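Structural description and commentary
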Amino acid sequence: MAKKNLGEMSFLDHLEELRWLLVRSTIAVIIMGIVTYFFSDYLFDEIILAPTKPSFFTYVWFCDLSHQLGFADSICITELNFIIQNTEMEGQVNIFVWMCILVGFITSFPYILYEVWKFISPALYEKERKNAKLFIFSSSLLFFLGVIFGYYVVIPMSVNFVATFSVSKVVVNQFTIESYMGMVKTSVLASGLFFELPIIIYFLTKLGLVTPEFLRKYWKYAVVIILIVAAIVTPPDVVSQTIVAIPMLIIYEVSILISKIVYRNKLKENV
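Residues numbered from 1 in each chain as written. Predicted model: local features only at pLDDT ≥ 70, side-chain atom pairs only at ≥ 80, totals over all residues. Heavy atoms only, no water.

Quick look at the packing of aromatic side chains now. All told, the structure shown has 21 aromatic pairs when counted by the stated rule. Plain terms: the ring middles of phenylalanine 214 and tyrosine 218 are 4.9 Å apart, the flat faces sit at 50° to each other, and that makes the pair tilted. For phenylalanine 214, a relative accessible area of 42% translates into the label partly exposed. Taking the relative accessible area as the measure of exposure, tyrosine 218 reaches 34% and is therefore partly exposed. The structure contains a cluster of three or more aromatic residues connected by ring pairs, namely Phe56, Phe57, Tyr59, Tyr151 and Tyr152. (Phe/Tyr/Trp six-rings, centres within 6.5 Å; stacked < 30°, edge-to-face > 60°. Buried < 20%, exposed > 50% of the residue type's maximum accessible area, 1.4 Å probe, protein only.)

Below, the structure written as structure tokens:
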């Protein structure tokens, strides 16, 4: 389908462009999901289920940090007392399919961004269209950093918390594979999308929906929300909560800085 100028495109034309964006993005996710199939054994044993083992990188790093800070073995994790089980006949099949789709989405994210850029570019100025590579690179980088943060920080913190929390010694932790995988999906995707906040703020500021004054005004509320999230996903110790909260606060501060720059440039253009 030939691409029309924004002014020439009707509402149905926009819907058609959006439909093809979704179709091509879905195909990309499926292709990468199929590729994931050939590495599924390594994916599950060495990556997805790795945070369930005390030898996981994050747990070892925290133990070393504990010794360096003079806390002895206070935050060392030597045992994760739980088992993961399957309770549904088709449970492992469903988990396998959805994990392939999840990895397919993560690995094809740069291409999805490219499709999104093609969709929104007619509404941008010519000089802004030239920033396509920068947009795709920076957005992809932030997303992958968020995924890494979710995998190496949020997931092991969450696993450690639920594994050590107990209402009674009589209760034994036996988690289903569905609940564990659900936590994995939520942690990596939520973290990846949260790290996209500077890009989102950039476009919202360009559209006039957000101002740096607005973000600064509600800064204290954002801090409270971030601290609450950090407290929920981490064990009840200050070190763990700080490690989770600091990157999130930095992301919010970067978003405010970006909003200031965009807002200042808009004012200059309107003079």
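What follows concerns the environment of valine 223. Tracing the backbone shows valine 223 in helix H11 (residues 219-233). Of the residues examined, valine 223 reaches a relative accessible area of 15% and is grouped as buried. Spatially, the C-alpha atoms of valine 223 and alanine 245 are 8.8 Å apart, while their sequence positions differ by 22 residues. (Helix = DSSP H or I, 4+ residues; strand = E, 2+ residues; numbered from the N terminus.)

Turning to helix H8 (residues 177-194), a few remarks are in order. Its 18 residues give H8 an end-to-end C-alpha distance of 25 Å, which sits within 8% of 26 Å, the value for a rise of 1.5 Å per residue. Taken as a whole, H8 has its buried residues at Ile177, Tyr180, Met181, Val184, Ser187, Val188, Ser191 and Gly192. On an axial view of H8, the arc spanned by its buried residues comes to 125°, and they lie on one face. (Expected span 1.5 Å × (residues − 1). Arc of directions from axis to C-beta.)

Next up on the list: the pattern of salt bridges. A complete count under the given rule lists 4 salt bridges for this structure. Across the salt bridge formed by lysine 118 and glutamate 115, the nearest N and O atoms sit 3.9 Å from each other. One end of the pair, lysine 118, and the other, glutamate 115, are both in helix H5 (residues 109-120), 3 residues apart, so they sit about a helical turn from each other. Note on lysine 118: relative accessible area 29%, which makes it partly exposed. (Salt bridge = Lys/Arg side-chain N within 4 Å of Asp/Glu carboxyl O.)

Attention now goes to helix H4 (residues 91-107). Compared with the 24 Å implied by 1.5 Å per residue over 17 residues, the 24 Å span of H4 between its first and last C-alpha is a close match. Turning to H4, its buried residues are Gly91, Ile95, Met99, Cys100, Leu102, Val103, Gly104 and Ile106.

Two measures define how a pair of helices packs: the angle their axes make with one another and the distance between the axes. Viewed as axis vectors pointing N to C, helix H7 (residues 132-164) and helix H9 (residues 197-206) meet at an angle of 135°, and their least axial separation amounts to 9 Å. Classed by the angle they form, the pair H7 and H9 counts as oblique. Between H7, through Phe135, Ser138, Ser139 and Leu142, and H9, the contact on the second element is made entirely by Pro198, Ile199 and Phe203. Of the residues in the contact of H7 with H9, the class split is 5 nonpolar, 2 polar and no charged. (Axes fitted to C-alpha atoms, helices over the stretch in contact; angles between N-to-C directions. Parallel < 35°, antiparallel > 145°, perpendicular 65-115°, else oblique. Contact = heavy atoms within 4.5 Å. Nonpolar A, V, L, I, M, F, W, Y, C, P; charged D, E, K, R; others polar.)

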